[in-house]
Amino acid sequence: MIDRELVVLIVEDETPKITQIELFLRSLCIPMKIDHAKSVNSALDRLDEGTPDLLLLDMSLPTMDIDIVGGEAGGRPQGSGGIEVLRNMGYANISCPVIVITGYEAFPRQGGNVDLSGIAKELKEEFPTLLRSVLHYNSTYETWKDELRVAFKELEFKGGRGI
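Residues numbered from 1 in each chain as written. Predicted model: local features only at pLDDT ≥ 70, side-chain atom pairs only at ≥ 80, totals over all residues. Heavy atoms only, no water.

Engineer: Whenever I open this one, the packing of aromatic side chains confuses me. Can you help?
Structural biologist: Any pair of aromatic rings gets described here by the distance separating the centres and the angle formed by the planes. Here the structure, examined in full by the defined rule, presents 2 aromatic pairs. An angle of 55 degrees between the planes, with centres 4.9 Å apart, marks the rings of Tyr 137 and Trp 144 as tilted. A relative accessible area of 2% places Trp 144 in the buried class. Cluster of aromatic residues (ring-pair linked, three or more members): Phe 24, Tyr 137 and Trp 144. (Phe/Tyr/Trp six-rings, centres within 6.5 Å; stacked < 30°, edge-to-face > 60°. Buried < 20%, exposed > 50% of the residue type's maximum accessible area, 1.4 Å probe, protein only.)

Have a look at this one:
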């Protein structure tokens, strides 16, 4: 059992997905503070402010936050924006468990698409100390919740405490 509030950072640019993930996390009835970032740059800013206990990371992110009021585009969406966040965490020696939650089942690569299991393998090889799990998010099905619940239970946080 956790004896303090867990700090979770959700890095995701789609509001409905953020809402669904946050509702799921709240349903776990674990004391937690949930923060959000909607782009690569805002994720890196949040990580500079402090390391969360858990990072839930989308793979496809814009470079900057989209400013609907000001008309800023937010930069070009990057299919590998999540990888950029992970690499920057490595450069800055930021260490916290990361669970990737992506809506994509495959990612385009030169020579053809790579499916989610292939991406998971690549990410685990490149980020063995950070990456805990890669999950497929689909708002139509509940499978992602079951997979996230399992991944969440497997995590151990500072002081060796599990959930």
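Next comes the rest of the account.
Engineer: How should the packing of helix α1 (residues 15-27) against helix α5 (residues 143-154) be read in this particular structure?
Structural biologist: When two helices pack together, their arrangement is given by the angle between the helix axes and the distance between those axes. Two elements in contact, α1 and α5, have axes whose closest approach is 11 Å; the angle formed by their N-to-C orientations is 50 degrees. Put simply, α1 runs oblique to α5. Note on packing geometry: the crossing formed by α1 with α5 is right-handed. Residue-level contacts link Gln 20, Ile 21, Phe 24 and Leu 25 of α1 to Trp 144, Lys 145, Leu 148, Arg 149 and Phe 152 of α5. Counted by class, the contact of α1 with α5 contains 6 nonpolar, 1 polar and 2 charged residues. (Axes fitted to C-alpha atoms, helices over the stretch in contact; angles between N-to-C directions. Helix = DSSP H or I, 4+ residues; strand = E, 2+ residues; numbered from the N terminus. Parallel < 35°, antiparallel > 145°, perpendicular 65-115°, else oblique. Left-handed = near helix turned anticlockwise from the far one by under 90°. Contact = heavy atoms within 4.5 Å. Nonpolar A, V, L, I, M, F, W, Y, C, P; charged D, E, K, R; others polar.)

Engineer: Whenever I open this one, the packing of helix α2 (residues 40-49) against helix α3 (residues 81-91) confuses me. Can you help?
Structural biologist: Look at α2 against α3: their axes get within 10 Å of each other, and the N-to-C directions meet at 25 degrees. Our classification of the angle between α2 and α3 gives roughly parallel. Here α2 runs over α3; the crossing is right-handed. Residue-level contacts link Val 40, Ala 43, Leu 44 and Leu 47 of α2 to Gly 81, Glu 84, Val 85, Asn 88 and Met 89 of α3. When the residues that make up the contact of α2 with α3 are grouped by side-chain class, the tally is 6 nonpolar, 2 polar and 1 charged.

Engineer: Mind showing me how you'd approach α5 here?
Structural biologist: Residues separated by three or four positions in an α-helix point in the same direction, a consequence of the helix having 3.6 residues per turn. End to end, α5 covers 17 Å across 12 residues, agreeing with the expected 16 Å (1.5 Å per residue, within 8%). Listing the buried residues of α5 in full gives Trp 144, Lys 145, Leu 148, Ala 151 and Phe 152. Each buried residue of α5 sits inside an arc of 130 degrees when the element is viewed along its axis, so together they form one side. Exposed residues pointing more than 90 degrees away from the buried face of α5 are listed as Lys 153 and Glu 154. Buried residues along α5 sit in contact with β1 (6-11), α1, β2 (32-37), β3 (54-57), β4 (98-102) and β7 (131-136). (Expected span 1.5 Å × (residues − 1). Arc of directions from axis to C-beta.)

Engineer: Looking at this model, I keep getting lost on the sheet that holds β2. Mind explaining?
Structural biologist: Strand pairs in the sheet, formed through backbone hydrogen bonds, run parallel or antiparallel to each other. The 5 strands lie next to each other as β2-β1-β3-β4-β7, forming an open sheet whose pairing is parallel. Edge positions in the open sheet fall to β2 and β7, since each of these has one partner strand only. With strand direction ignored, the average angle separating the axes of adjacent strands in the sheet is 20 degrees. Relative to β2, β1 is paired through 6 bridges, and the arrangement is parallel. Note on β2: the bridge partner recorded for Val 7 is Lys 33. (Pairing = 2+ DSSP bridges.)

Engineer: Which parts of the structure should I look at to understand the nonpolar core?
Structural biologist: Soluble globular proteins tend to bury their nonpolar side chains together. The biggest cluster of nonpolar side chains holds 28 residues, and the ones touching the most others in it are Leu 55, Val 85, Met 89, Val 98 and Leu 123. Among residues more than four places away in sequence, those in contact with Val 85 are Val 40, Ala 43, Leu 44, Leu 47, Leu 55, Leu 57 and Leu 61. If you look at the next biggest cluster of nonpolar residues, it comprises 21 residues, including Ile 21, Leu 25, Ala 151 and Leu 155. (Core = buried A, V, L, I, M, F, W, Y, C linked by side-chain atoms within 4.5 Å.)

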